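# Structural overview for review
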Amino acid sequence: MNTLQQVRFVWKPIVFLLCLVPALLVVTDALEITGRLSANPVEDILDRFGNWGLRFIMITLTVTPLRRITGWNWLARFRRMFGLFTFFYIALHFLTWFVLDQGMLLAAILEDIVERPFITLGMAALLLLTAMAITSTNGMRRRMGKRWNKLHYSAYVVGVLGVWHYWWQVKKDISEPLVYAAILSVLLGHRLWHYWQRRR
């Protein structure tokens, strides 16, 4: 098999299964098979899904700069998968909040969205991710043309909104949001540098 065939038939299935592990661990911990959830299980599940959503957006944004630096063009084959797993974990984060935390009470949910700015930021990120997930197919890319690129550059906006959402949520201990902010700053810096180099 050549490199692209290895990526398609060997590495992508392996990476796909590895990306599912955090979600499976939430289930097995809830069932006390692999461990236990914390004393506040809903908050624990929310944090886990939210953190993995942030990690996956950072991984997704890292693919292109890493490909440029290393010359490993096959890395681009993983970008859509990582982007869809970002949506997957953020959607689970939202559904946990919507169903388990808020009990699907629409009045309380709307009040939270309006009165708690970090939730407003999270909802904006989710809407952008939903639009990108719906349009992630090759067929949608062909139909949308240049508009597809403009929409999918919103991944950087999602990264900013996600870090901001996390930062405002924790309030006191900002050490973890600061790590994500530092990573995102490097990725945005590389993007701007590459854009400037192309414009020269």
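Residues numbered from 1 in each chain as written. Predicted model: local features only at pLDDT ≥ 70, side-chain atom pairs only at ≥ 80, totals over all residues. Heavy atoms only, no water.

## Let's talk about the pattern of salt bridges
Within the structure shown, the criterion is met by 4 salt bridges. Between Arg 36 and Glu 32 there is a salt bridge, and its shortest N-O distance comes to 3.8 Å. Each member of the pair, Arg 36 as well as Glu 32, carries the same accessibility label: exposed. One salt bridge in this structure joins Arg 116 and Asp 112, with 3.1 Å as the shortest N-O distance. Using a relative accessible area of 12% as the deciding quantity, one classes Asp 112 as buried. Among the charged side chains, a salt-bridge network with shared partners connects Asp 29, Asp 44 and Arg 48. (Salt bridge = Lys/Arg side-chain N within 4 Å of Asp/Glu carboxyl O. Buried < 20%, exposed > 50% of the residue type's maximum accessible area, 1.4 Å probe, protein only.)

## What about the packing of aromatic side chains?
Applying the stated criterion to the full structure yields 16 aromatic pairs. Judged by centre distance (5.0 Å) and plane angle (75 degrees), the ring pair of Phe 88 and Tyr 89 falls under edge-to-face. With a relative accessible area of 0%, Tyr 89 lands in the buried category. A network of ring pairs unites the aromatic residues Phe 16, Phe 49, Trp 52, Phe 56, Trp 72, Trp 74, Phe 78, Phe 82, Phe 85, Phe 88 and Tyr 89 as a single cluster. For Arg 55, the ring lying beneath its charged end belongs to Trp 52, and the centroid distance is 4.7 Å. (Phe/Tyr/Trp six-rings, centres within 6.5 Å; stacked < 30°, edge-to-face > 60°. Lys NZ or Arg CZ within 6 Å of the ring centre and 35° of its normal.)

## So, helix H9 (residues 175–199)
The end-to-end C-alpha distance of H9 is 36 Å, a good match for the 36 Å that 25 residues give at a rise of 1.5 Å each. Looking at the packing, one finds that the buried side of H9 touches helix H2 (41–70) and helix H8 (155–170). (Helix = DSSP H or I, 4+ residues; strand = E, 2+ residues; numbered from the N terminus. Expected span 1.5 Å × (residues − 1). Contact = heavy atoms within 4.5 Å.)

## Brief notes about the nonpolar core
Generally speaking, a soluble globular protein has its nonpolar side chains buried in company with each other. In this structure, Leu 54, Ile 57, Met 58, Leu 61 and Val 163 are the most contacted members of the largest nonpolar core, which totals 23 residues. Of all the elements in the fold, those that place two or more residues in this core are H2, helix H5 (117–134), helix H7 (146–152), H8 and H9. When residues in this core are grouped by element, the largest group, 6 residues, is from H8. Those residues in contact with Ile 57, other than ones at most four positions away along the chain, are Thr 86, Ala 155, Val 158 and Gly 159. Of all hydrophobic cores here, the second largest spans 16 residues; its members include Ala 23, Phe 49, Phe 78 and Tyr 89. (Core = buried A, V, L, I, M, F, W, Y, C linked by side-chain atoms within 4.5 Å.)

## Some remarks on the packing of H8 against H9
Relative to each other, H8 and H9 sit at 160 degrees, their axes nearing to 9 Å. Here H8 is positioned roughly antiparallel relative to H9, judged by the angle of their axes. Crossing handedness for the pair H8 and H9: left-handed. Contacts between H8 and H9 pair Tyr 156, Gly 159, Val 160, Val 163, Tyr 166, Trp 167 and Val 170 from the former with Glu 176, Pro 177, Leu 178, Tyr 180, Ala 181, Leu 184, Leu 187, Leu 188 and Arg 191 from the latter. A per-class count over the contact of H8 with H9 returns 13 nonpolar, 1 polar and 2 charged. (Axes fitted to C-alpha atoms, helices over the stretch in contact; angles between N-to-C directions. Parallel < 35°, antiparallel > 145°, perpendicular 65-115°, else oblique. Left-handed = near helix turned anticlockwise from the far one by under 90°. Nonpolar A, V, L, I, M, F, W, Y, C, P; charged D, E, K, R; others polar.)

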